[in-house]
Amino acid sequence: MEVERESKLISTIWEGYADWRNRPALTNRHGGLVAASFVLVVEVLENLAYLANASNLVMYLSEYMHYSPSNSANSVTNFMGTAFLLALLGGFLSDAFFTTYHIYLISALIEFMGLVILTIQARSDSLKPAKCKPDTPCEQVHGAQAAMLFIGLYLVALGVGGIKGSLPPHGAEQFDGETPQGRKQRSTFFNYFVFCLSCGGLIAVTFVVWVEDNKGWQWGFGISTLAILLSIPIFLAGSPFYRNKIPRISPLTTISKVLTAALLNSCASRNSSSSIASLASSPSTIPVLSNEDEETTDIKQVESTNIPSKSLRFLNRAVVKTPAFCGALKCSVQEVEEVKIVMKILPIFACTIMLNCCLAQLSTFSVQQAATMNTKFGKLKVPPASLPVFPVLFIMLLAPIFDYFIIPFARKVTKTEMGITHLQRIGIGLFLSVVAMAIAALVEIKRKRVATEAGLLDFSKPLPITFFWIAFQYLFLGSADLFVLAGLLEFCFSEAPFSMRSLATSLSWASLAIGYYLSTAIVSIVNSVTGNSKHQPWLSGGNLNHFHLDRFYWLMCILSALNFIHYLYWARKYKYTSVSSK
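Residue positions are given per chain, counted from 1 along the sequence in the order it is written. Reporting of local features is limited, given that this is a predicted model, to residues whose pLDDT is at least 70; pairs of side-chain atoms are given and counted only at 80 or more, and all residues count toward the totals for whole chains, interfaces and linings. The basis for every side-chain value is the complete set of heavy atoms in the structure, and neither hydrogens nor water enter the calculation.

### So, the pairing of strand S1 (residues 13-18)
In this sheet, strand S2 (residues 24-26) lies alongside S1 in antiparallel orientation, the contact comprising two bridges. Bridge pairing in S2 places Ala18 opposite Pro24. The criterion for strand pairing is that DSSP finds at least two bridges linking the strands in question. Only DSSP runs of H or I covering at least 4 residues are called helices, and only runs of E covering at least 2 are called strands; the numbering of each starts at the N terminus. Counting the residues that bridge the hairpin from S1 to S2 gives five residues, and of these Asn22 lies at a positive phi of roughly 70°. Sheet topology note: the S1/strand S3 (residues 244-245) ladder contains two bridges and is antiparallel. Counterpart to Ala18 in the pairing with S3 is Asn244.

Here it is as structure tokens:
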């Protein structure tokens, strides 16, 4: 009777998970759609707070902090890049020391403090540089005022990074990946996570940006502060329903240990004249083979914890027991296989960076383009920073269509659980980014032609061309973002080892970060290469009409096309490890 009771208790417990009070999570009480729904609501508020500032920040820095257009663009991309790069820290801490539950709460409070500082500065004239005077160069923010600005901004970046690194895996962890139903629900969650992210973005780039431009930036920062503060009690309200993954050993420790052990054993095997440790000596070790042995020996691969797979064979040396080893560097076959999975994910992750470099233009040069055009829509004058409403609306329209129509249809056609695989989704997005940059170049050519014909090249007054032309590049880049972000989030989470899921999912945001940094680097390199005594740099001049932005967009189009070809190589080579993707 006692054994039966214990067996029943074990069957009702989510292994490896705990509730918010650190008690075992129960299958009939924790996790599921109800728990994930709190995460989706929180994502609306969280992204509202972040994107309300990020989308319009280039105008705030140029108009109120008196940065040049190029410096404003670079400051924004550096801020956004840092925020997304810090998602790796949030993911790492979630896997190694804390739960995703605790990391979200800590990060939300940090972002709240940063927004309070920015709100105070925007409200007080004494904390900003003096207003520009006629015939006098504007004074750029410096000293204590600049320190306050960047302390506020980078506290926000730290908070955003922690949230991005913890919230998506926290929601995905609410579903049972061992069942087809759970995997389908998890796939739907990631789709609607991007949908809710877009909902927050829609409010941010319409209502909040309008408030910033018409009522003052202190009100815009204040709305963001209120949004992130409101997200905390909503998140806490879901506490009784969450199942939280119990932190294990640091994933970075495992990765470092395996790589170090493989390297040391590789060096030791080259210097040793005798064979080392046969498989029979220990069930968890394998013999180190010479190059000839590796080419002629065919080890039968089985799903066993005692025999490493053939892929990335140089890592198999980490399992070998050698005199050169200290005990701390002893690796199990499971650890080696987990590191292999992560290393196979990295090329796919790297191929998404170029798309995010293109997306950086949505917050910088595209906004400045729109500012030179006619932004009237009937009697309403649309703020240039509200232009991201186009990709946001398209994502909100496409996400339900994709989930309710495209995926079910694809499942019937392919007779597979996924219908469209993660890698296929990412590939579609990367192809759309190539098209988007080509359209951006053609639109810029048209915009400059209008400026030339109207004789307004040297004037800052609006050109007689509607800002709706910019919408085309936004629509294609927005579609690309939906396919790539949702696909990469789910791909990294489902493929990564259990102990590394938060860190692996954070790679999706790290891709954004590196893309923003790369955008800054490309702008600097382009200006350096194209500028000389006879020609001015492509991305500099008295105003945007003197920039060669069309050439820059063609360059981005070519780089995106090369990146897409590079991606196809790795995608064809990749072999799925998760059941849901086979």
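So much for the structure itself; the text now carries on.
### Some remarks on the packing of helix H12 (residues 333-351) against helix H19 (residues 549-573)
An axis is simply a line fitted to the C-alpha atoms; with a helix, the fit covers only the stretch in contact. Between two such axes, the angle follows the N-to-C directions and lies from 0 to 180 degrees. Running from N to C, H12 and H19 cross one another at 160°; their axes reach a closest spacing of 9 Å. Classified by the angle their axes make, H12 and H19 are roughly antiparallel. Crossing of H12 over H19 shows left-handed handedness. In this structure, H12 uses Pro347, Ile348 and Cys351 to contact H19, whose residues at the interface are Asn563, His566, Tyr567, Trp570 and Ala571. Taken together, the residues of the contact of H12 with H19 break down into six nonpolar, two polar and no charged. Working definition: roughly parallel below 35 degrees, roughly antiparallel above 145 degrees, roughly perpendicular at 65 to 115 degrees, and oblique for all remaining angles. When the near helix sits turned anticlockwise from the far one by under a right angle, the crossing is termed left-handed; a clockwise turn instead gives a right-handed crossing. Residue contacts follow a heavy-atom distance rule, with two residues in contact if any of their heavy atoms lie within 4.5 Å. Three classes are used, and their members are as follows: Ala, Val, Leu, Ile, Met, Phe, Trp, Tyr, Cys and Pro are nonpolar, Asp, Glu, Lys and Arg are charged, and the others, Gly among them, are polar.

### Structural notes on the packing of helix H2 (residues 33-54) against helix H6 (residues 100-123)
It is the contact of H2 with H6, at a shortest axis distance of 12 Å, that shows an interaxial angle of 30°. In terms of their interaxial angle, H2 and H6 are classed as roughly parallel. The handedness of the crossing between H2 and H6 is left-handed. Residues Val42, Ala49, Tyr50 and Asn53 of H2 form the contact with H6, whose participating residues are Tyr104, Glu111 and Leu115. Partitioning the contact of H2 with H6 into residue classes produces five nonpolar, one polar and one charged.

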